[in-house]
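# Structure at a glance
The chain contents come next:
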Amino acid sequence: MKEIKNKIVHVLALPKFAVEHPVAIAMIYSGLLVLSLAAFFRMGVDLFPDVAYPVVSVITTYQGASAEEVEAKITRRVEAQTSTVRNLKDINSISKEGLSVVMLKFEWGTDLDDSANDVRDKLGMLKKMLPDDADDPMLMRIDMKDIPILMLA
């Protein structure tokens, strides 16, 4: 019984202190309010955080070629050559008339500069195997900072 009484006394100590010392409670709340406002106004807000998606695109143009020819002579070769790059997660490709786009997706946390250099090295070896009429493959990285925030028409 004595233990229960001690627990009740401890539970009732805070409200009793608050009632007996209203100025102290007001000062504590005022201090918390000032600290909260200071923290709120110093907090940075970024609508578009700096997130680098681990995607590299290889774009090759081959004017006057059909989609099937672009796929056979360019897209398949680019896929085969770049499939051995480290930390590669997925390869997607699009072959259109006169255009080949191969998107290489890497694991999150991969250093994209090193991966892009590896892909660039692989494409350097590939240039000799591409048709003469095809342009050199272009390497592009997707960066959210390059996308416009607002477009007005």
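Above this text you will find the structure in question.
Predicted model, so just to flag it, every value in this text is computed and none were measured.

### Digging into the overall build of the protein chain
Of the regular secondary structure elements, the protein chain holds 5 helices and 4 strands. The linear arrangement of helices and strands in the protein chain, starting from the amino end, is α-α-α-β-α-β-β-α-β. Relative to its 153 residues, the protein chain shows a buried fraction of 23%. In the protein chain, once contacts between residues fewer than 6 apart in sequence are set aside, the share between residues at least 24 apart is 67%.

### A word on the pattern of salt bridges
Oppositely charged side chains can form a pair if their charged atoms are brought close together. This model, assessed by the stated rule, comprises 5 salt bridges. Of the charged contacts in the structure, one is a salt bridge between R86 and D118, with a shortest N-O distance of 3.0 Å. In this pair, R86 is assigned in the loop between α4 (67–82) and β2 (88–96) and D118 in helix α5 (residues 112–126), connecting sequence segments 32 residues apart. Linked by salt bridges that have partners in common, E71, R76 and E79 make up one network.

### Focus: the nonpolar core
Ranked by size, the top nonpolar core spans 18 residues in total, and within it V58, V78, L104, F106 and V119 carry the most contacts. The dominant element in this core, judged by the number of residues it contributes, is α5, at 4 residues.

### Brief notes about the packing of helix α2 (residues 13–20) against helix α3 (residues 22–42)
Packed helix pairs are specified by the crossing angle of their axes together with the interaxial distance, meaning the distance between the axes. α3 packs onto α2 with a crossing angle of 100 degrees between their chain directions and a minimal axis gap of 5 Å. In this view, α2 runs roughly perpendicular relative to α3, as classed from their interaxial angle. Between α2 and α3, the residues in contact are F17, A18, V19 and E20 and P22, A24 and I25, respectively. Residues that form the contact of α2 with α3 fall into these classes: 6 nonpolar, no polar and 1 charged.

### Things to note about the pairing of β2
Examined bridge by bridge, β2 and strand β3 (residues 99–106) share 8 bridges and lie antiparallel to one another. The residue bridging N92 from the neighbouring strand is M103, located in β3. The antiparallel pairing of β2 with β3 creates a hairpin that spans 2 residues between the two strands, and G98 there sits at a positive phi of about 80 degrees.

### Thoughts on the packing of aromatic side chains
In this structure the tally under the stated criterion is 2 aromatic pairs. With a centroid separation of 5.3 Å and 75 degrees between ring planes, the pair formed by F40 and F41 is classed as edge-to-face. Considered together, F40 and F41 belong to a single accessibility category, that of exposed residues. Centre to centre, the rings of Y53 and W108 are 5.8 Å apart; their planes meet at 65 degrees, and the pair counts as edge-to-face. Taken together, the residues span a long stretch of sequence, with Y53 in the loop between α3 and β1 (55–61) and W108 in the loop between β3 and α5 at a distance of 55 residues. The exposure class of Y53 is partly exposed, given its relative accessible area of 34%. Residue W108 is classed as exposed on the basis of its relative accessible area, which comes to 57%.

What counts as what
- Residues numbered from 1 in each chain as written.
- Predicted model: local features only at pLDDT ≥ 70, side-chain atom pairs only at ≥ 80, totals over all residues.
- Heavy atoms only, no water.
- Helix = DSSP H or I, 4+ residues; strand = E, 2+ residues; numbered from the N terminus.
- Buried < 20%, exposed > 50% of the residue type's maximum accessible area, 1.4 Å probe, protein only.
- Contact = heavy atoms within 4.5 Å.
- Salt bridge = Lys/Arg side-chain N within 4 Å of Asp/Glu carboxyl O.
- Core = buried A, V, L, I, M, F, W, Y, C linked by side-chain atoms within 4.5 Å.
- Axes fitted to C-alpha atoms, helices over the stretch in contact; angles between N-to-C directions.
- Parallel < 35°, antiparallel > 145°, perpendicular 65-115°, else oblique.
- Nonpolar A, V, L, I, M, F, W, Y, C, P; charged D, E, K, R; others polar.
- Pairing = 2+ DSSP bridges.
- Phe/Tyr/Trp six-rings, centres within 6.5 Å; stacked < 30°, edge-to-face > 60°.

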